[in-house]
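Chain by chain, the residues run as shown.
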Amino acid sequence: MRKKIVAGNWKMNLDYNEGLGLFSEIINMVKDEVTGTQEAVVCSPFIHLHSLVQMAKGYNKVAVGAQNAHQAESGAYTGEISAKMVKSVGAAYVILGHSERRQYFGETNELLAKKTDTVLAHDLRPIFCIGETLQERESNQYFDVIKTQLVEGVFHLDEAQFAQVVLAYEPVWAIGTGVTASSAQAQEIHAFIRIEIAAKYGQEIANNTTILYGGSCNPKNAPELFAQPDIDGGLIGGASLKSRDFIDIVKVFN
Ligand code: PEP
């Protein structure tokens with residue numbers, strides 16, 4: 001059965017000490033309160049990664065991830081961080097293709113396909129984000145947009161590579177806005193994504209692919225969203241910055 005995951009995306013928030021303080025609360029709450037087989041993943045800024053991995057040692061329900069990695073192996077790319085570097089500190093995941101990176105940093109599906117290859121080559125699991133803008137939803141283009149993001153971003157992978165990918169459906173109009181997709185809207189897209197995976201890789205791989213929902217998810221709306229048959233957890237922005245809220249979302253799978 002596919003893994004249930006709740007992943008926090010801290011974005012560009014929390015200085016070093018603030019991040020360690022929040023993570024310390026999170027791992028203690030996971031230890032005391034999480035009873036299921038779900039995994040809590042924290043995707044922090046690069047600066048926290050090494051320390052968080054050290055703190056998470058011995059907590060098998062907690063993993064750490066980065067929010068980006070460069071597509072090249074190494075080289076003259078001032079200010080960038082490579083997948084090899086992320087792997088070397090012991091992180092397990094890398095968010096790729098978040099809509100903020102697509103929007104503010106011009107990341108295209110073509111670039112993201114390269115980043116996915118590099119991340120996988122270093123034995124890291126991509127949390128690959130897809131989702132439509134409000135204009136694309138209102139003009140009924142959203143199925144096409146999502147299919148294109150899948151085809152151009154990850155469907156070049158072979159089966160073994162694809163099996164390492166976690167997908168996150170994040171409608172751009174729901175990210176950081178307080179407007180959540182209804183559970184029916186989210187389920188409709190998640191089911192569509194799973195059908196597309198089945199058509200490409202077969203039903204077994206589709207059944208085993210974890211597909212997260214992201215976009216203003218909080219402890220109140222998470223139970224209904226996560227009860228949908230094709231929603232396997234969440235990618236959580238704002239609510240991941242408060243330990244109580246984040247853990248309450250993780251505990252939906254208890
Ligand atoms: C995100 O940034 O991935 C996200 C889902 O943010 P928020 O939960 O704040 O909408």
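Residues numbered from 1 in each chain as written. Predicted model: local features only at pLDDT ≥ 70, side-chain atom pairs only at ≥ 80, totals over all residues. Heavy atoms only, no water.

### Thoughts on helix H7 (residues 142–153)
Phase 1 of the analysis: Over its 12 residues, H7 runs 16 Å from end to end, which matches the ideal 16 Å to within 8%, given 1.5 Å per residue.
Phase 2 of the analysis: Among the residues of H7, Tyr-142, Val-145, Ile-146, Gln-149, Leu-150 and Gly-153 are the ones counted as buried. Mapping the buried residues of H7 onto a view down its axis gives an arc of 130 degrees, with all of them on the same face.
Phase 3 of the analysis: Residues of H7 that are buried make contact with helix H4 (99–104), helix H5 (109–121), strand E5 (125–130), helix H6 (134–138), strand E6 (166–169) and helix H9 (183–201). (Helix = DSSP H or I, 4+ residues; strand = E, 2+ residues; numbered from the N terminus. Expected span 1.5 Å × (residues − 1). Buried < 20%, exposed > 50% of the residue type's maximum accessible area, 1.4 Å probe, protein only. Arc of directions from axis to C-beta. Contact = heavy atoms within 4.5 Å.)

### So, the nonpolar core
Phase 1 of the analysis: Grouped together as the largest cluster of nonpolar side chains are 67 residues, with contacts concentrated most on Phe-162, Leu-167, Ile-193 and Ile-197.
Phase 2 of the analysis: Within the second largest apolar cluster, 13 residues are counted, among which are Ile-5, Val-41, Cys-129 and Ala-168. (Core = buried A, V, L, I, M, F, W, Y, C linked by side-chain atoms within 4.5 Å.)

### Digging into the pairing of strand E4 (residues 93–96)
Phase 1 of the analysis: Side-chain alternation along E4 places Tyr-93 and Ile-95 on one buried face and Val-94 and Leu-96 on a second face that is also buried.
Phase 2 of the analysis: Sheet topology places strand E3 (residues 62–66) next to E4; 2 bridges connect them, and they run parallel. Paired with Ala-66 across the strands is Val-94, a residue of E4.
Phase 3 of the analysis: For the crossover from E3 across helix H3 (residues 83–88) to E4, the handedness is right-handed.
Phase 4 of the analysis: As paired elements, E4 and E5 share 4 bridges and run parallel to each other. If you follow Tyr-93 over to E5, its bridge partner there is Arg-125. (Pairing = 2+ DSSP bridges. Right-handed = clockwise from strand over helix to strand, strands pointing away.)

### Looking at the side chain of Asp-232
Phase 1 of the analysis: With respect to the helices and strands, the residue Asp-232 is situated in the loop between helix H11 (222–226) and strand E8 (233–236).
Phase 2 of the analysis: Classification of Asp-232 as buried rests on a relative accessible area of 0%.
Phase 3 of the analysis: Only 2.8 Å separates the side chain of Asp-232 from the backbone nitrogen of Ile-211, close enough to count as a polar contact. (Polar contact = N/O pair within 3.5 Å; in protein donor to acceptor, adjacent residues only side chain to side chain.)

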